[in-house]
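Notes for the structure review
Each chain, written out:
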Amino acid sequence: HLSDRLKKVAKFVPKDARLADIGSDHAYLPAYLAINKIISYAVAGEVAKGPYENAVTEINTERLDHMIMPRLANGLKAIKTDDNIDTITIAGMGGPLIRDIFNADLEKLVGVRRLIIQPNVGQELIREWLMNHSYQIIDEDIVEDDHHIYEIIVAEKVSNKVGYSSLDLKYGPNLRVEQNEVFRAKWQRQMAKKREVLKHFAAANEVPIDKKKVLEIDIKEIEEMLK
Ligand code: SAM
């Protein structure tokens, strides 16, 4: 059942974790982790009825109802104190939505050690949120699955202040140092797209000069980073 994308997310879940998977849909991720004896307990949170019912069906089919609790709830409201959740996964949603889900129920994050986030877009925003809430990015990954490139961000709560440069926030503090093949492919594609836009701008003379400047600066930055 599990996509390469969710397998990469799964890899970051610590042994014996008590997991909350928010926006779980079919609960494939917690089911996989329970079957492989990685987690000891999970909440599969869903805000929508259809996906919630998908989760219930999967949990019952796999006979995991003693370990995985499906909950129909908005965001972190799926988590109860007694769950003693120490790890949260949120995958397959946009960065702005993930940030809003965290901000809506910050008190639910008390006691949670690790956040594993796979935003479809808006990675920069998520890293910024993590920095501002004293989460250190301890690991990152990037994966191509079904012609899409996904980033995974793993963060842990720390007591000290966390500081990241704008390059760290945009490209990922770990990803931009490691620069694996998928990472390079992602940013080469981005750069090619920006060059294409710039070419169209050059042909259309009514485009404001500062729009071109922004693109040129972006392209230069990516070029420098990929060196
Ligand atoms: N996590 C799975 C994955 O990565 O394959 C499913 C991703 S699916 C694209 C996003 C899911 O998030 C949907 O099932 C949607 O109902 C759920 N969702 C969206 N907003 C939510 C919220 N505020 N609280 C809980 N679930 C939410």
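Residues numbered from 1 in each chain as written. Predicted model: local features only at pLDDT ≥ 70, side-chain atom pairs only at ≥ 80, totals over all residues.

We now examine the pairing of strand β1 (residues 17-22). Of all six residues that make up β1, five are buried, and the element is covered over most of its length. Where β1 lies against strand β2 (residues 39-46), six bridges are found, and the strand directions are parallel. Bridging from a neighbouring strand, Ala 20 pairs with Val 43 of β2. (Buried ≥ 20, exposed ≤ 12 C-beta atoms within 10 Å, placed from the backbone. Helix = DSSP H or I, 4+ residues; strand = E, 2+ residues; numbered from the N terminus. Pairing = 2+ DSSP bridges.)

Because an α-helix completes one turn every 3.6 residues, residues spaced three or four positions apart along the sequence face the same direction. When you tally the buried positions in helix α2 (residues 28-35), you get six out of eight residues, the bulk of the element. As for α2, its buried residues are in contact with α1 (4-10), β1, β2, α3 (49-61), β3 (68-72) and β4 (87-93). Phi turns positive, to about 55°, at Lys 37, one or two residues after α2. (Contact = placed C-beta atoms within 7 Å.)

What follows concerns the sheet that holds strand β6 (residues 135-145). Taken together, the seven strands give an open sheet; going across it, the order is β3-β2-β1-β4-β5-β7-β6, and neighbouring strands pair in mixed fashion. Here the strands that pair on one side only, and so sit at the sheet edges, are β3 and β6. Averaged over all pairs of adjacent strands, the angle between their axes in this sheet comes to 15°, without regard to strand direction. Relative to strand β5 (residues 114-119), β4 runs parallel, the two sharing six bridges. Counterpart to Ile 88 in the pairing with β5 is Leu 115. Contacting β2 and β3, α3 crosses the sheet at an angle of about 165° to β3. (Axes fitted to C-alpha atoms, helices over the stretch in contact; angles between N-to-C directions.)

So, on to the site of the ligand. In the neighbourhood of the ligand, 17 residues make up the surrounding shell, with Gly 23, Val 47, Pro 51, Ala 91 and Gly 92 lying closest. The biggest single contributor to the shell around the ligand is β4, with three residues. (Near = placed C-beta within 6 Å.)

On to unusual backbone geometry, then. Even without being glycine, His 147 reaches a positive phi, approximately 70°. You can call His 147 exposed: it has 5 C-beta atoms within 10 Å. In this structure, Gln 179 takes a positive phi of about 45° despite not being glycine. Turning to its location among the elements, Gln 179 is positioned in the loop between α7 (175-178) and α8 (181-203).

Two elements in contact, α8 and helix α9 (residues 209-226), have axes separated by 10 Å at closest approach and are oriented at 155°. Classified by the angle between their axes, α8 and α9 sit roughly antiparallel to one another. Viewed along their axes, α8 and α9 form a crossing whose handedness is left-handed. Facing α8, whose interface residues are Arg 184, Trp 187, Gln 190, Met 191, Lys 194, Arg 195, Val 197, Leu 198 and Phe 201, α9 presents Lys 211, Lys 212, Leu 215, Asp 218, Ile 219, Ile 222, Glu 223 and Leu 226. (Parallel < 35°, antiparallel > 145°, perpendicular 65-115°, else oblique. Left-handed = near helix turned anticlockwise from the far one by under 90°.)

This next bit is on the domain arrangement of the chain. Each assigned domain of the chain is listed here: domain 1 (4-162) and domain 2 (183-226). On a C-alpha basis, the centres of domain 1 and domain 2 stand 34 Å from each other. (Domains from an automatic or database assignment.)

With that out of the way, let us pick up the environment of Trp 129. If you trace the backbone, Trp 129 turns up in helix α5 (residues 123-132). Using a count of 20 C-beta atoms within 10 Å as the deciding quantity, one classes Trp 129 as buried. For the pair Trp 129 and Arg 99, spaced 30 residues apart in sequence, the C-alpha separation works out to 7.0 Å. Sequence-distant contacts of Trp 129, that is, excluding residues within four places in its chain, are made with Arg 99 and Phe 102.

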